[in-house]
Amino acid sequence: MSGKFGEIIQKARKEENQIQDDPYTVWNKEQSVKPDGQKPSEPEVNLCVKVPKSLRQHWAAEAKRSDITMTSVIVEALTQKFGLPDNQK
């Protein structure tokens, strides 16, 4: 890459690589903690749900005020509605 932006991009990539190599700043999925404080027993995936923006903003604000995560609320609601699989009870 050449030019003004090429140098900026190369510098940013170099700094990003240094951050990724730093064991204190790398988020290690093996050591991540679920909302209930337990380590995940399998890889976690995204659950995407389309909702009106105004509802998401309201729910996100309420979760923040209550000092809880949207993930924990959603997992709790789905567990109440559908329960857990037999191998996770």
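Residues numbered from 1 in each chain as written. Predicted model: local features only at pLDDT ≥ 70, side-chain atom pairs only at ≥ 80, totals over all residues. Heavy atoms only, no water.

**Q** Would you mind showing me how to read unusual backbone geometry here?
**A** Glycine aside, residues mostly have negative phi, and peptide bonds are mostly found in the trans state. In this structure, Asp67 is a non-glycine residue whose phi angle is positive, near 60°. For Asp67, the location among the structural elements is in the loop between α2 (53–65) and α3 (70–82). A relative accessible area of 71% means that Asp67 is categorised as exposed. (Helix = DSSP H or I, 4+ residues; strand = E, 2+ residues; numbered from the N terminus. Buried < 20%, exposed > 50% of the residue type's maximum accessible area, 1.4 Å probe, protein only.)

**Q** Looking at this structure, how should I read α3?
**A** The periodicity of an α-helix, 3.6 residues per turn, causes residues three or four places apart in sequence to face the same way. With 13 residues, α3 should reach 18 Å at 1.5 Å per residue; the first-to-last C-alpha distance of 18 Å fits that figure. Phi turns positive, to about 75°, at Gly83, one or two residues after α3. (Expected span 1.5 Å × (residues − 1).)

**Q** Before we go on, may I ask you to explain a nonpolar patch on the surface in this structure?
**A** Judged by side-chain polarity, Leu47, Val49, Val51, Leu55, Trp59, Ile74, Leu78 and Phe82 come together as a nonpolar surface patch covering roughly 760 Å² of accessible area. Elements supplying a minimum of two residues to the nonpolar patch: α2 and α3. Sort the elements by how many residues they give to the nonpolar patch and α3 lands first, with 3 residues. Inspection of the secondary structure assignment puts Leu78 in helix α3. Of the residues examined, Leu78 reaches a relative accessible area of 36% and is grouped as partly exposed. (Patch = residues over 30% accessible without salt bridge, like charges linked within 9 Å, V, L, I, M, F, W, Y side chains within 5 Å. Areas by Shrake-Rupley, 256 points an atom, 1.4 Å probe, with all protein chains shown as cover. Salt bridge = Lys/Arg side-chain N within 4 Å of Asp/Glu carboxyl O.)

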